[in-house]
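Below, each chain spelled out in residue letters.
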Amino acid sequence: MAARGAESEFDRFLRLSKQIGTDILKTQGAGGNTSLKDGDTMWVKASGTWLAQAGERDIMVPVRVAPLVEALRRGDPRAEKATDFVITALNTSGLRPSIETSFHAALPSPVVAHYHCVNTIALSVLKQRDEIFRTKLEAAGMKWATVPYRRPGTPLARDVDLAAESNPDVLILYNHGIIVTGETVEEVADRIERVTAALTLPARQVPDADIGALQQLSQDSSYSPAADLASHQLALVPENIRLATGGSMYPDHVIFLGTTVGLLKAGQSLPSYLERFADKGQTAPKMIIVSGCGMLLSNELTPGGQVMARCLAEVVARIPEGADVVYLTEADEYELTNWEAEQYRQALDRGART
Ligand SMILES: [Zn+2]
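Now for a look at the structure at hand. In this text, all values refer to a predicted model and were calculated from it rather than measured experimentally.

As a further point, take the coordination of the zinc ion. Distances from the zinc ion to its protein donors, Glu 100 (OE), Glu 100 (OE), His 114 (NE2), His 116 (NE2) and His 176 (NE2), fall within 2.1 to 2.7 Å. On the primary sequence, the residues serving as donors to the zinc ion are separated as E-x13-H-x1-H-x59-H. Here the residue His 114 occupies a position in strand S4 (residues 111–115), and His 176 occupies one in the loop between strand S6 (170–173) and strand S7 (177–182), the gap between them amounting to 62 residues. In this structure, His 114 and His 176 share a single accessibility class: buried.

Right, here's the structure in full:
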């Protein structure tokens, strides 16, 4: 048994991964991923697994770095899923690497943490984002870069690769999240703490949800009031409703909850609202805002889907009142909903955590 003092860098890496994975303001469900490089071998979180499971379950997959980076730069499609670069002999879990593996490989730092920090997302969807990040990160003394929105996978990895040329410690991924890099786990942990302090925003206060009214509205339907009470803040003040229904803000929301956030106005019945979708042959929204009352979620949602409702609630609550938001375009949404690599992560989500 190793004494605490003899903790290896890999142990520290798992510990940091778990810490990131158990903070709802940093990671929601299977989102976020970490990596540790040892020479040309990189251990990266497996697709569909939860960072919160680090240290309890075998969730890190070994990948060869140099050929993957070469494939990414050459435009070789095998860089997308990175499965051809897995070191099979060391891959005890047999899982696939994260769909974000190629950008971990492209970053030269030995330790890389990427997560969907709700404060970063809230700032990175604002029209004024360039100026905001410059001010906040310069004041915090960080070496940073911003990366425009790209679909996760090789399109994003190629832009991360370009941004890495200036050797930043922190990369802000617009409409997506954050990457923090460093030489050691300790250095990354310290930078995470500093960048979190620099980017933290206050959450808008809201009144309590009316769970009784939500229960009554959703009786005998395939929807239920959100079990996580913090998810209801989306529906409880007009500004949060405006922001949430204005469009899609970041990829994981689209992937898990689709592109439509439902809105049930006061006095409207749920069956008549849902009929409108059925009449048009459209899928009903997985989440429905009941204005001034709270959130209804489809009973079909997995825990991974439910936690995305909480994520949106936390992001929206931190966007300043009246702010102009840059939403994903229809083309961005289409690209996310028709993406083969994602089907695997969602299949794992359905099977793994029920
Ligand atoms: Zn991500």
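Let us keep going from here.
A few words now on the pairing of strand S2 (residues 41–45). Taking burial as the measure, the 5 residues of S2 include 5 buried ones, the bulk of the element. Across the two faces of S2 the burial is the same, with Thr 41, Trp 43 and Lys 45 and Met 42 and Val 44 all buried. Where strand S1 (residues 33–38) lies against S2, 4 bridges are found, and the strand directions are antiparallel. Following the sheet pairing, Asp 38 is matched in S2 by Thr 41. Between S1 and S2, which pair antiparallel and follow one another directly, the connecting turn spans 2 residues, one of which, Gly 39, has a positive phi of 65°. Relative to strand S3 (residues 60–64), S2 runs antiparallel, the two sharing 5 bridges. The residue of S3 that forms the bridge with Val 44 is Val 61.

A word on the environment of Asp 332. Relative to the helices and strands, Asp 332 resides in helix H13 (residues 330–337). A residue is classified by how much of its surface remains accessible, and Asp 332, at 16% relative accessible area, is buried. Separated by 265 residues in sequence, Asp 332 and Pro 67 have C-alpha atoms that sit 29 Å apart. Polar contacts involving the side chain of Asp 332 include one to the main-chain amide nitrogen of Thr 329, which spans 2.9 Å.

Attention shifts here to the nonpolar core. Tyr 115, Ile 178, Val 195, Met 249, Met 287, Val 315 and Ile 319 are the most contacted members of the largest nonpolar core, which has 67 residues in total. Top element by residues in this core is helix H12 (residues 303–318). It accounts for 7 residues. The residues touching Ile 178, leaving out its near neighbours within four places in the chain, are Ala 113, His 114, Tyr 115, Cys 117, Thr 120, Val 170, Leu 171, Ile 172, Val 195 and Leu 199. Judged by nonpolar contacts, the second largest core, of 30 residues, contains Leu 68, Val 86, Phe 103 and Val 112.

So, about the side chain of Gln 28. Within the secondary structure layout, Gln 28 lies in the loop between helix H1 (9–21) and S1. A distance of 3.0 Å separates a polar side-chain atom of Gln 28 from the backbone oxygen of Ile 24. Among the polar contacts listed, one links the side chain of Gln 28 to the backbone oxygen of His 116, at a separation of 3.1 Å.

Cut-offs and rules
- Throughout this document, residue positions are counted from 1 along each chain, in the order its sequence is written.
- Whole-chain, interface and lining totals are the exception, using all residues; otherwise, since this is a predicted model, local features are given only for residues with pLDDT of at least 70 and side-chain atom pairs are given and counted only at 80 or more.
- The side-chain quantities take in all heavy atoms of the structure and omit both hydrogens and water.
- Listed donors are limited to N, O and S atoms within 2.8 Å of the metal, widened to 3.2 Å for Na, K and Ca; water is not among them, so incomplete-looking sites are possible.
- A run of DSSP states H or I qualifies as a helix once it reaches four residues; a run of E qualifies as a strand once it reaches two. Both are numbered from the N-terminal end.
- Partly exposed describes any residue whose relative accessible area lies between the buried limit of under 20% and the exposed limit of over 50%, with all areas from a 1.4 Å probe on protein chains only and scaled to the type maximum.
- Note on pairing: DSSP must find at least two bridges between two strands before they are called paired.
- As used in this structure description, the phrase polar contact means that two N or O atoms lie within 3.5 Å; if the pair is within protein, one of them must be able to donate a hydrogen and the other to accept it, and residues adjacent in sequence are counted only when both atoms belong to side chains.
- Side-chain atoms within 4.5 Å link the members of a nonpolar core, which is a set of buried Ala, Val, Leu, Ile, Met, Phe, Trp, Tyr and Cys residues.
- Contacts were defined at the residue level, with two residues in contact if any of their heavy atoms lie within 4.5 Å.

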